[in-house]
Amino acid sequence: MTALSRRNFLKSGTAFAGLTVLVSNSPALLATDSELHHGIGPCLRFSSEGLPILCVPTPDMGQGMMTTAAQIIAEELDLELSAVSVEFLPFVGVIDENGVAQDGDLIQGAGGSHSTMTLWPALRKTSAYVRALFIEAAAQQWAVSSNSLFTDDGYVINRKTGAQLSFGELDDAVQTVSLDKQTIELKPIKDFKVVGKDATNVAARDIVTGEPVFASDIEVPGMLHAAIRRCPHLNGKIVSFNKGTIEQLLGVVAVEKIDRYPEEREEFRVLSDGVAVIAKTYWQARKAADALEIEWDGDISKDDSTDLILEKCNALLKNGEFKQVQKRGDVDAAFERADKTIDVTYTHPSWAHTCIEPHNCIADVKTDTAEIWVGHQTMSRPANIAKKFAGIDAAKVTGHFYRMGTGFGRKYVEDFVAEAVILSKRVRAPVKVTWSREDEIEQDYPNHMGAYRVRAAIDDKGDLSGWHIKTALDTGRDWVARDFPANTMDNTLGEVARVPNNISRGAWRGPSHNTGAWVVQSALNEAAYAAGRDPLEFLVALYKQTGTVRAPNWPNMDIDFRRHAAMLEKVASESGYGKKMPSGWGHGIAVHHTFVGTCAHVIELEMVGDNDYRVHKVTSAIDCGLAVNPLGVRAQVESGIMDGLCAAKYGNLVFENGVPVTNNFDSYRKMRIDEAPAVVDVHIMDFGDTDPKGTGEISLPPLIPALTNAIFAASRKRVRTLPISENL
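Everything numeric here is computed off the predicted structure, so don't read it as measured data. (Residues numbered from 1 in each chain as written. Predicted model: local features only at pLDDT ≥ 70, side-chain atom pairs only at ≥ 80, totals over all residues. Heavy atoms only, no water.)

As for the overall build of the chain
Inference 1: What the chain contains, in helices and strands, is 18 helices and 31 strands.
Inference 2: C-alpha atoms of the chain, sized along the principal axes, occupy 80 × 75 × 45 Å.
Inference 3: A buried classification covers 62% of the 728 residues belonging to the chain.
Inference 4: Summed over its atoms, the accessible surface of the chain is roughly 27600 Å², and 47% of this surface lies on carbon and sulfur atoms.
Inference 5: With 76 positive and 95 negative side-chain charges, the chain shows a spacing of 1 Å between the two charge centroids. (Helix = DSSP H or I, 4+ residues; strand = E, 2+ residues; numbered from the N terminus. Buried < 20%, exposed > 50% of the residue type's maximum accessible area, 1.4 Å probe, protein only. Areas by Shrake-Rupley, 256 points an atom, 1.4 Å probe, with all protein chains shown as cover. Lys, Arg positive; Asp, Glu negative; His and termini not counted. Charge placed at Lys NZ, Arg CZ, Asp CG, Glu CD.)

Re the packing of aromatic side chains
Inference 1: As enumerated under the stated definition, the model contains 11 aromatic pairs in all.
Inference 2: Taking 4.9 Å as the distance between ring centres and 75° as the angle between the ring planes, the aromatic pair formed by Tyr529 and Phe712 counts as edge-to-face. Highlighted residues: Tyr529 in helix H14 (residues 513-530) and Phe712 in helix H18 (residues 700-715), separated in sequence by 183 residues.
Inference 3: Phe712 sits in the buried class, given a relative accessible area of 10%.
Inference 4: Their ring planes at 75° and their centres at 5.3 Å tell us that Trp554 and Phe595 sit as a pair that is edge-to-face. In this pair, Trp554 is assigned in the loop between strand E24 (548-550) and strand E25 (558-560) and Phe595 in the loop between strand E26 (585-594) and strand E27 (597-608), connecting sequence segments 41 residues apart.
Inference 5: Exposure remark for Phe595: the relative accessible area of 14% places this residue in the buried category. (Phe/Tyr/Trp six-rings, centres within 6.5 Å; stacked < 30°, edge-to-face > 60°.)

Things to note about the sheet that holds strand E7 (residues 149-152)
Inference 1: One open sheet accounts for three strands, arranged E7-E8-E9; its pairing is antiparallel. The two strands at the open ends of the sheet, each matched to only one other strand, are E7 and strand E9 (164-166). The sheet shows a mean angle of 25° between the axes of neighbouring strands, direction not considered.
Inference 2: Here four bridges tie E7 to strand E8 (residues 155-158), and the two strands are oriented antiparallel to one another. Bridged to Leu149 within E8 is Asn158.
Inference 3: In the packing of helix H3 (residues 115-142) onto the sheet, the strands contacted are E7, E8 and E9, and the crossing angle to E7 comes to about 130°. (Pairing = 2+ DSSP bridges. Axes fitted to C-alpha atoms, helices over the stretch in contact; angles between N-to-C directions. Contact = heavy atoms within 4.5 Å.)

Quick word on the sheet that holds strand E31 (residues 679-684)
Inference 1: Reading across the sheet, the four strands line up as E26-E27-E28-E31 and stay open at both edges, with mixed pairing between neighbours. Strands with a single pairing partner mark the edges of an open sheet, and in this sheet they are E26 and E31. Here the average twist between neighbouring strands, direction ignored, is 15°.
Inference 2: With six bridges joining them, strand E28 (residues 612-623) and E31 adopt parallel strand pairing. Each residue of the ladder has a partner; that of Thr619, found in E31, is Asp681.
Inference 3: On top of the sheet, helix H17 (residues 630-650) reaches E27, E28 and E31; it is set at about 130° to E31, its chief contact.

A closer look at the nonpolar core
The nonpolar side chains of a soluble globular protein tend to be buried, and buried together.
Inference 1: Ranked by internal contacts, the top residues of the largest apolar core, which has 105 residues, are Trp467, Leu524, Ile603, Leu605 and Leu707.
Inference 2: Not counting chain neighbours up to four residues away, the residues in contact with Ile603 comprise Gly586, His587, Gly588, Val615, Lys617, Val618, Leu645, Leu703, Ala706, Leu707 and Ala710.
Inference 3: Counting residues in each nonpolar core, the second largest holds 91 residues, with Leu123, Ala276, Val417 and Trp435 among its members. (Core = buried A, V, L, I, M, F, W, Y, C linked by side-chain atoms within 4.5 Å.)

Some details on the packing of helix H2 (residues 65-77) against H3
Inference 1: Two numbers describe how H2 lies on H3: the axes approach to 8 Å, and their chain directions differ by 35°. In the crossing of H2 with H3, the sense of the turn from one axis to the other is right-handed. In this structure, H2 contributes Met65, Thr68, Ala69, Ile72, Ile73, Glu76 and Leu77 to the contact, and H3 contributes Ser115, Thr116, Leu119, Trp120, Leu123, Arg124, Ser127, Ala128, Val130 and Arg131.
Inference 2: Residue classes in the contact of H2 with H3 are distributed as 10 nonpolar, four polar and three charged. (Left-handed = near helix turned anticlockwise from the far one by under 90°. Nonpolar A, V, L, I, M, F, W, Y, C, P; charged D, E, K, R; others polar.)

Concerning the pairing of strand E23 (residues 492-498)
Inference 1: Counting buried positions over the seven residues of E23 gives six, a clear majority of the element.
Inference 2: Summarising the sheet, strand E15 (residues 323-328) and E23 pair through five bridges and their orientation is antiparallel. Residue Lys327 lies in a different strand from E23, and its bridge partner there is Leu493.
Inference 3: Relative to E23, strand E22 (residues 464-473) runs parallel, the two being bridged by seven bridges. Bridge assignment links Ala472 to a residue of E23, and that residue is Ala497.

Quick look at helix H16 (residues 561-575)
Inference 1: Between its first and last C-alpha atoms H16 spans 21 Å; for 15 residues at 1.5 Å apiece the expected length is 21 Å, and the two agree.
Inference 2: Residues Phe561, Arg563, His564, Ala565, Met567, Leu568, Val571, Ala572 and Ser575 constitute the buried set of H16.
Inference 3: In the core, the buried residues of H16 are packed alongside helix H15 (535-546), E24, E25, E26, E27 and E28.
Inference 4: Gly576 sits one or two positions beyond H16 and adopts a positive phi of about 75°. (Expected span 1.5 Å × (residues − 1).)

What about the domain arrangement of the chain?
Inference 1: Domain boundaries assigned for the chain yield domain 1 (2-208), domain 2 (215-300 + 359-434) and domain 3 (306-351 + 446-726).
Inference 2: Computed over C-alpha atoms only, the centres of domain 1 and domain 3 are separated by 40 Å.
Inference 3: Counting residues at the interface gives 22 residues for domain 1 and 20 residues for domain 3.
Inference 4: Summed over both sides, the interface of domain 1 with domain 3 buries roughly 1400 Å², with 60% coming from carbon and sulfur.
Inference 5: Remark: the boundary between domain 1 and domain 3 carries one salt bridge.
Inference 6: Note that Asp198 is salt-bridged to Arg634, the shortest N-O span being 2.8 Å.
Inference 7: Our count for the contact surface shared by domain 1 and domain 3 stands at 10 residue pairs in polar contact (both at pLDDT 80 or more).
Inference 8: For the side of domain 1 that touches domain 3, the secondary structure elements donating two or more residues are H2 and H3. (Domains from an automatic or database assignment. Buried area = accessible area lost by both parts, 1.4 Å probe. Salt bridge = Lys/Arg side-chain N within 4 Å of Asp/Glu carboxyl O. Polar contact = N/O pair within 3.5 Å; in protein donor to acceptor, adjacent residues only side chain to side chain.)

Looking at unusual backbone geometry
Inference 1: Here Tyr261 and Pro262 are connected by a cis peptide whose omega angle stands at -5°.
Inference 2: The topology assignment puts Pro262 in the loop between strand E12 (252-258) and strand E13 (274-279).
Inference 3: Here Thr354, not a glycine, exhibits a phi torsion of approximately 45°, which is positive.
Inference 4: For Thr354, the location among the structural elements is in the loop between strand E16 (340-348) and strand E17 (360-365).

In structure tokens, the structure reads:
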């Protein structure tokens, strides 16, 4: 493996002033020495002026990881966050014997709401080790015991004499110090000064002043621009195009065919068939690409229309064949004994990601090296993409990583990086691929669509006694049929079926949970009304009696459902749930556990006429374990609320004969700012946890059922088909 010394990390770089966010453009995407694979990563370095710079290992797509990770580092190093600079750490994983980049102890990827949770132990150990090195270096310089020294605000201080040395002054001495990492003690949580306190986004000033902190801002010398016309038909192919004509247009350097990858169209699409126009400016490339006359073959996806797929899903629910994925007890007997039952169907279309910053990437591929500038949800994958599509060993790839203007799971994939790599290799120059908004929606890996049938049995005490759920989706996801309450009650049955299609699905904020929570919490709300009980009381009783259960899906953790009950009671108390409401007003309540965290909401809304509504207030409680940055947690809850309100009311990616036709914001509607609730009141629950859990995807799933339950409370209209704007 290629060695990269700790000294080079600590000493490299130029001067930085104030609190700035910088993207490291050194070192290359190289494996580091063996120390780094044991949690002793380069989390701190100094400018030439001796200013401390915290090196954050995780991509940031708006979820605040740059700030959260910096807080963890600063805490263990006894540094004030306001007195340091922060930058992205280059890739510090390993390059295996096949030349493939892999994460080491510091996971350098963002997704699944796991970034803080997985980085927490690694960053603490790494930073505590560095702090111990400084103390030992000072002890040797002063010829005293390290036990007589402590750190504060970037200094090592002698308790007896008050003498002090800054970290910067000790930098050279640190290089000769060696310690047993197993003996390093982490700072007790009771002594925390940075973690657990509100911290504003370390990139806030750069973002609002327009500093070039996003990948789309970046330019490199000699760079060419590429605009690509990709096949609009799902898994379609090119028949012909007018290459010769386009090559003569102003500024055009090359016109290149990009082949679908993999070639077998039944395999998951990584790259679409397309034609790239490479020109001296983006506008020249875009105008020339628009002038392309392309004949497409879209025959394979002629049946892939939203209406037809949803018709097939609903037909399956009535008489299709299903696979059992969860079975407990005797569900038929439970329904035979039931005092009351419900039998309801829910349907929803696809949602597009619509990242604020459409995809872009710069690649400069040489004979045996490559350089990439990108905002990506992982730091290892761009190097591996270069290996896959250009044959460049990952150890010979230099990666420059930037903030992303949102990702939501879409910027975890390969396509926009692979296109830049392929084109740069062909024209032997740096190429920047920039997607348009239409590209970003048409070539999306959207959320799934489908239909669900839920039957619930209620006994003579008004309790839930049986649960039977069928899911008919256009993907193979089976979470909602396996999880609560299908995995906790005595008599349950969960069944799944899939409608074949050519849509390449992907992760969308809270995958599966984002719609599954709506189905489950809506059906439980309907069961509560059928039982003649208040939904809050019904849910609290259900969760309290469930206790602790092992989750059947990732990350297979124990879930204490009594916390759900406490959160429901919290939001009910804080929102005034149950108070007398004016005519046309209503409260809706819901709770849900997504991946590694739980959120509960109460929505207060007012009906506007018969077919619209205004959300006035959202009261939320989140269980995210130890809140490293409470301000960041509240921001993530708020963003999930806004995403959920938007998707529920307007989200509808429409396919017609395999072509996404709602391909920009004039047809794929988003919520306007005046539709946002006037009040969002977020409460971070403290259950005594000493480790953080997830935040980014947690608040969205229960938001949608809280909304539709509130609509029912206000209007007595059940929303069983999304989007609400078309079905209320």
